Amino acid sequence: MKTSTIELTRLENPFLGLHPFSVEEAHLYYGREKHAEHVVSQLIEHRFSAILGESGTGKSSFVFSSVLPTLECKINPITYIFSPGTHGPLKKLINEVFKKENDEVRLAIFQSLLIDVTSFFEYYYRLNISKTPVMYIDQFEELFTYDLQFNAMDLEIAKFVELIVLLSTSPLSDFHIIITMHSDFIEHCADYPTLTYRLNQSQFLIPKMTKEEVVTTITKPLEWSGVKITDELLQFLIVNLDYSQNQLPLLQHAMMRTFEHWRNNQKLSEPLQLEHYFAVGGINESLPNHAQEIFDGLEDNQKEVSEKIFRSIITVNEEGEIVSNPCSLYRLIEISGIDDIRQIIEVIDIFRQRENAILSPLDNSTIYETSVIGIAHESLINSWPLLKEWTQKEKESIQTYLKLAKTAEKFQNRKGSRLKEYELQSFIKWKEEQQPTYDWGVKYHPSYERTMEFLSFSEKVENRIQERMKRNMNKRIHTTKICVVSFLLFGSALTALYFYQNTTSAAPPEKTEVLRTYERTEPLIIPREDHIKIQRATIIARMQKKRSLTAMRKKSQSAKKAREYTETISFAEQNNKED
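Cut-offs applied
Residues numbered from 1 in each chain as written. Predicted model: local features only at pLDDT ≥ 70, side-chain atom pairs only at ≥ 80, totals over all residues. Heavy atoms only, no water. Pairing = 2+ DSSP bridges. Helix = DSSP H or I, 4+ residues; strand = E, 2+ residues; numbered from the N terminus. Axes fitted to C-alpha atoms, helices over the stretch in contact; angles between N-to-C directions. Contact = heavy atoms within 4.5 Å. 1 Å grid on protein atoms, 1.4 Å probe; cavity = no way out; pocket = protein on both sides within 12 Å on 5 of 7 lines; lining within 4 Å. Points joined across faces, edges and corners; volume = space filled by probe spheres on them. Nonpolar A, V, L, I, M, F, W, Y, C, P; charged D, E, K, R; others polar. Core = buried A, V, L, I, M, F, W, Y, C linked by side-chain atoms within 4.5 Å. Buried < 20%, exposed > 50% of the residue type's maximum accessible area, 1.4 Å probe, protein only. Salt bridge = Lys/Arg side-chain N within 4 Å of Asp/Glu carboxyl O.

Draft legend 1. Region of the structure containing the sheet that holds strand β1 (residues 48-53). Overall, parallel pairing links the five strands, which are arranged β2-β3-β4-β1-β5 in an open sheet. Looking at strand neighbours, the two that pair on one side only are β2 (77-82) and β5 (203-205), the edges of this open sheet. Each neighbouring strand pair of the sheet contributes to a mean axis angle of 15°, computed without reference to strand direction. Where β2 lies against strand β3 (residues 132-137), six bridges are found, and the strand directions are parallel. Bridge pairing links Pro77 to Thr132 in β3. On the sheet, helix α3 (residues 59-72) packs against β1, β2, β3, β4 (176-182) and β5 and is oriented at approximately 160° with respect to β4. Helix α8 (residues 193-201) rests against β1, β4 and β5 of the sheet, and its axis sits at about 80° to β1.

Laid out in C-alpha cells, this is it:
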C-alpha cells in the first residue's frame, strides 16, 4: 500500500499510546490472540472470568479488542459495560442494564434489590432480551476504594457483589460476567466468600508477552498502515525491551510518538528509523517528555491547578513510597481545595485527550462528579521530573502534617507542650504554603480539626507573649532614654561649673573646642511624655549651679574683706612704729 504526500498528514496512527483499545480498534490489537481464546473458553464454561494484572498491563484493551471480539464468534451477545466508580455500584449496574427505563422505574428496581437481589430477574425478563447477556465490569478494584461517608454505601456494595455472584451462578440466569481488576486488590475479595469462590474457580492472570508476540504488536499495525520499519530499529527495540508488563504500554506510547515524528517530516520514501525513535526520547523518555510538553502549553493558572490535581491523586503507602491513588472528581475537588469546578475539569480534559492520555478517564467518556480521576500509567510518577518534584513536596507535606498531628495528640494527653518560636513558625509557613484541606488531612490522620486548632492555639499564645515582651522592651527603652538625657544634662552642668571655677573675672574665657563642639551638636529629640521629667532635672541642675556660684561669690567677698582688714592692720602697725 502506497500513501501519497497529501494523505500522509491524515494517515491514522496505528499506535494508541496509553489510550486503551476499543472494540472498533481491534484491527490494531495484536499479540494476545491465544490468551483471548483461553479466557473465552473459561467464560463459556463457568459464566465468570476475572482478568487480573498490574497497573498498565492493558487489561481493558485486552477485553475490548481481543476477548469481546472472540466471544462474538462463539455466542450472540448483548454487552453491558460499566465500572463501579467511587460510589453507587448498584446504581451503575441498573443504569446500564435498564438504560431505556425512566428514573422512577430505575429507582424502584434499586430499592427492590437492596431488599432482595433475586428481584432482578423479574425486572430483566420484562425487557424481552433474546441475546445472551454479557456484563463487563471494568476496574473492579474501584469497589474497594469507595468514599464510605456516603450513607448505606457498605450495604450497596454487599448487595452489588451478591447480585454479581447470583447472575453468574443461578440457573434462572444466562449472564456471563467478566471483571478486570488490579492484582494488588485481590485480597480485598476475601471479605466476600461467594466472590472468592468464583475467583478461585475462574481467573486469568495476564502473562508477560514473548519476544515474538512483542514483535507482532509492532509490525502488524505498521503493515496495516502501509508503513515500514528498519531492521535496525526493530532489533534495537527487541534487545532493549525488558518485557516487563508495565513496559508494553510505554512501548505503545514511544511508537505512537515515533510515528507522529516520522509523519511530521513527510518523508514517505523513508521507513521508521532509529533517529525518529531517539528524537522523541525512546521508551524511557517519550512519556515524561510528552507530559512536560503538555504542561508547558498551559496557562499560568492552569499550571497551578494541574499541580494540585496530580498531588491529589497520589498517596504514600505503608512503605513510605509515593503511589497512584485515583479518586472521584468530587473527592479531588474536596482534597485540592479548588473552588471553581470548571477550572479543574478544563485541565483534566487537556491531559486526558486522546493524543495525550496522561490522565483517566480518557476522552471517550464524559466526566461526572463520580468519575474516577487517575494517572494513566504509574511509571509517570518516577519518570517525569516535574511530577517527581511535586510528589516529593507532597511527601514532605504529609510528614510535616503527621508530625504536627502527633504533637497535638501529646499536648492533649498532657505529655507535651505547645509549639514555640522556630518550630511554630515552620508549621505556620507550611500551612500558608500548602493550604491543607479537611479532606486532604483526614486521608493521613483522622484528627485534622484538633491538629489545626492546636496550631492556632499555639500561634495565639505565642503572639500574646511576643506582644508583652515588646511592651516591656519599649518601657525599658523609654526609661533608658530618660536616664541618658538626665545624665547628659547633669554632666553639662558640671562641665560648665568646672570651666567657671577656672576662669578670672578680668577677662571672659574663650570658648574651648569642647564647648564649640557641644554648641554645634543638634539638640536631642525628646519624647513629649518625658519632657516634664527632663525640665525638672534641668531646673535642679541650674539651682545647683546657682548655689555653687553664690557660694563662690561669698567666698571671694570674704577673702577680699580679709585682705582689706589685713592691709588696715599692717598700715596701723607701721604708723605706730613711726610715731
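Now, onward.
Draft legend 2. Spotlight on empty space enclosed by the protein. Within the structure shown, the criterion is met by one cavity of 30 Å³ or more. In this structure, the largest cavity encloses a volume near 30 Å³. Every residue along the wall of the largest cavity is listed here: Leu68, Leu71, Glu72, Pro77, Thr79 and Val134. Broken down by secondary-structure element, the contributors of at least two residues to the lining of the largest cavity are α3 and β2. In terms of residues, the lining of the largest cavity owes the most to one element, α3, which gives three residues. Its residues placed into classes, the lining of the largest cavity shows four nonpolar, one polar and one charged.

Draft legend 3. Up close: the nonpolar core. Formed by 60 residues in total, the largest nonpolar core has its most connected members in Ile218, Leu272, Phe310, Ile344, Phe351, Ile375 and Trp384. It is helix α11 (residues 247-265) that provides the largest number of residues to this core, a total of eight residues. Setting aside anything within four residues of it in sequence, one finds Trp384 in contact with Pro288, Ala291, Gln292, Phe295, Phe310, Phe351 and Trp390.

Draft legend 4. Up close: the pattern of salt bridges. Taken as a whole and judged by the stated rule, the model has 15 salt bridges. Of the charged contacts, one joins Asp349 and Arg352 as a salt bridge, the two residues approaching to 2.8 Å between their closest N and O atoms. The class of Arg352 is buried, set by a relative accessible area of 7%. Within this structure, Glu307, Arg311, Lys393 and Glu394 form a network of salt bridges that share partners.

Draft legend 5. Broad picture of the pairing of β3. The buried fraction of β3 amounts to six of the six residues, a majority that puts the element mostly inside the structure. Judged by which residues are buried, β3 turns out to be covered on both faces: Thr132, Val134 and Tyr136 on one side and Pro133, Met135 and Ile137 on the other are all buried. As paired strands, β3 and β4 are joined by four bridges and run parallel to one another. Paired with Met135 across the bridge in β4 is Ile177.

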